[in-house]
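Below are the chains, spelled out letter by letter.
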Amino acid sequence: MQQFVVDCSANLIETLPVEIFYKEIYYSAAASGLFRNEDIAVRLRPFEYYDVGNKRSDFIHVFAHLVNELTTEQKTDLSRRIVTKLHELFPEVEGISISVYEIGEASYCDLRGLI
């Protein structure tokens, strides 16, 4: 399962319906062609209290935890797709970023793999 965990300033989910926010990340990941649709999970974690660069600036950061091994080019393409889509949704937010982490299949287990 490819996990996209999104940290963001809480007020952003008030400016756009929350379903659109996380679904657009899902669609961007799916459009990359790197994963099966049923293997993509997106979760949103809004923060009320935060400090960015010693000031209260809106932010979005995506943590992509991927079981698939990707090439550098694939990771770059995936990252750019997601950051570009988020910038389209929130053009006023300057702090939009993503980190891609690869986890080996041996270190990942879910219930589907046990049944």
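Quick note: structure is the one above.
Residues numbered from 1 in each chain as written. Predicted model: local features only at pLDDT ≥ 70, side-chain atom pairs only at ≥ 80, totals over all residues. Heavy atoms only, no water.

Novice: Can you walk me through the overall build of the protein chain in this structure?
Specialist: In terms of regular secondary structure, the protein chain is built from four helices and four strands. What you see in the protein chain, going N to C, is helices and strands ordered as β-α-α-β-β-α-β-α. For a compact globule of 115 residues, the expected C-alpha radius of gyration is about 13 Å, and the protein chain comes in at 15 Å, within 12% of that figure. Counting only C-alpha atoms and orienting by the principal axes, one finds that the protein chain spans roughly 45 × 30 × 25 Å. Counting over 115 residues, the protein chain shows a buried share of 37%. Counting contacts in the protein chain only where the partners sit at least 6 residues apart, residues at least 24 apart contribute 79% of the total. For the protein chain, the exposed surface amounts to about 7000 Å²; the carbon and sulfur share of it is 51%. In the protein chain, the 11 positive side-chain charges and the 18 negative ones have mean positions that sit 1 Å from each other. (Helix = DSSP H or I, 4+ residues; strand = E, 2+ residues; numbered from the N terminus. Rg over C-alpha atoms; globule rule 2.2 N^0.38 Å. Buried < 20%, exposed > 50% of the residue type's maximum accessible area, 1.4 Å probe, protein only. Contact = heavy atoms within 4.5 Å. Areas by Shrake-Rupley, 256 points an atom, 1.4 Å probe, with all protein chains shown as cover. Lys, Arg positive; Asp, Glu negative; His and termini not counted. Charge placed at Lys NZ, Arg CZ, Asp CG, Glu CD.)

Novice: For this particular structure, what's the right way to read unusual backbone geometry?
Specialist: Note on backbone geometry: most residues besides glycine have negative phi, and most peptide bonds are trans. The backbone of Asn54 sits at a positive phi, close to 65 degrees, despite the residue not being glycine. Positionally, Asn54 belongs in the loop between strand E2 (40-47) and strand E3 (59-66). Of the residues examined, Asn54 reaches a relative accessible area of 71% and is grouped as exposed.

Novice: Where do I start with the packing of helix H2 (residues 18-31) against helix H3 (residues 72-89) in this structure?
Specialist: Two measures define how a pair of helices packs: the angle their axes make with one another and the distance between the axes. One way to put it is that H2 packs onto H3 with a least axis distance of 9 Å and a crossing angle of 150 degrees. With respect to H3, the element H2 is oriented roughly antiparallel. The handedness of the crossing between H2 and H3 is right-handed. When H2 is examined against H3, the residues Ile20, Phe21, Glu24, Ile25, Ser28, Ala29 and Ala31 are found in contact with a partner set consisting of Leu78, Arg81, Ile82, Lys85, Leu86 and Leu89. Looking at side-chain class alone, the contact of H2 with H3 contains nine nonpolar, one polar and three charged residues. (Axes fitted to C-alpha atoms, helices over the stretch in contact; angles between N-to-C directions. Parallel < 35°, antiparallel > 145°, perpendicular 65-115°, else oblique. Left-handed = near helix turned anticlockwise from the far one by under 90°. Nonpolar A, V, L, I, M, F, W, Y, C, P; charged D, E, K, R; others polar.)

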